[in-house]
Amino acid sequence: MKTKIFGDKIITIRQLSKSGLENIKKFRDFINSFVEEDAQILMNEKVSLREEKKWLEVKLESIKKGRAIFLVAEHNGVIAGTIGV
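Residues numbered from 1 in each chain as written. Predicted model: local features only at pLDDT ≥ 70, side-chain atom pairs only at ≥ 80, totals over all residues. Heavy atoms only, no water.

1. A word on the pattern of salt bridges
According to the stated counting rule, one finds six salt bridges in the structure shown. For glutamate 74, the salt bridge goes to arginine 14, with nearest N and O atoms at 3.5 Å. With glutamate 74 in strand S3 (residues 70-75) and arginine 14 in strand S2 (residues 9-15), the pair connects residues that are 60 residues apart, well separated along the chain. For the pair formed by glutamate 74 and arginine 14, the shared burial category is buried. Where aspartate 29 meets lysine 25, a salt bridge forms, and the shortest distance between an N and an O atom there is 2.8 Å. Of this pair, aspartate 29 and lysine 25 both sit in helix H2 (residues 24-36), separated by four residues, roughly a single helical turn. With a relative accessible area of 33%, aspartate 29 lands in the partly exposed category. (Salt bridge = Lys/Arg side-chain N within 4 Å of Asp/Glu carboxyl O. Helix = DSSP H or I, 4+ residues; strand = E, 2+ residues; numbered from the N terminus. Buried < 20%, exposed > 50% of the residue type's maximum accessible area, 1.4 Å probe, protein only.)

2. So, the packing of aromatic side chains
Tallying each qualifying case throughout the model produces two aromatic pairs. Both rings, one in phenylalanine 30 and one in phenylalanine 34, keep their centres 5.1 Å apart while their planes meet at 85 degrees; by these two values the pair is edge-to-face. Residue phenylalanine 30 and its partner phenylalanine 34 are both found in helix H2; the two are separated by four residues, about one turn of the helix. Taking relative accessible area as the criterion, phenylalanine 30 reaches 14% and is therefore assigned buried. Relative accessible area serves as the criterion here: at 28%, phenylalanine 34 is assigned to the partly exposed category. Between tryptophan 55 and phenylalanine 70, the aromatic rings sit 5.4 Å apart at their centres with planes inclined by 75 degrees, giving edge-to-face as the arrangement. With a gap of 15 residues between them, tryptophan 55 in helix H3 (residues 49-64) and phenylalanine 70 in strand S3 connect regions that are remote in the sequence. Residue class for phenylalanine 70 comes out buried when judged on its relative accessible area of 7%. (Phe/Tyr/Trp six-rings, centres within 6.5 Å; stacked < 30°, edge-to-face > 60°.)

3. Points about the nonpolar core
Of all hydrophobic cores here, the largest spans nine residues; its members are Leu16, Ile24, Phe27, Phe30, Leu56, Leu60, Phe70, Val72 and Ile79. Of all the elements in the fold, those that place two or more residues in this core are H2, H3 and S3. Ranked by the residues each element gives to this core, the list is headed by H2, at three residues. For isoleucine 79, the residues in contact, after removing those within four places along its chain, are Lys26, Phe27, Phe30, Val72, Ala73 and Glu74. (Core = buried A, V, L, I, M, F, W, Y, C linked by side-chain atoms within 4.5 Å. Contact = heavy atoms within 4.5 Å.)

4. With respect to the packing of H2 against H3
Across the interface, H2 lies against H3 with an axial gap of 9 Å and an inter-helix angle of 105 degrees. Judged on the interaxial angle alone, H3 and H2 are roughly perpendicular. The residues of H3 that touch H2, namely those facing Ile24, Lys25, Phe27, Arg28 and Ile31, are Leu49, Glu52, Lys53 and Leu56. A per-class count over the contact of H2 with H3 returns five nonpolar, no polar and four charged. (Axes fitted to C-alpha atoms, helices over the stretch in contact; angles between N-to-C directions. Parallel < 35°, antiparallel > 145°, perpendicular 65-115°, else oblique. Nonpolar A, V, L, I, M, F, W, Y, C, P; charged D, E, K, R; others polar.)

As structure tokens, then:
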């Protein structure tokens, strides 16, 4: 985990871990906020908690097998960004 300061905002950057499964709602709310904004992303429909849980489980399995890296950026406990390779 790393902490970076951008202006007056403290951003924590960490790897996705199993704790993500305990915070499914945060991940779902993050992606759904983009859908609500009609952002130019690959999704155009909101996801359910069940769909988000399945996505996180698949992502965690890929990380475990060394096939993926996924980082989460948070500000005040709210997801501010994600990136994966």
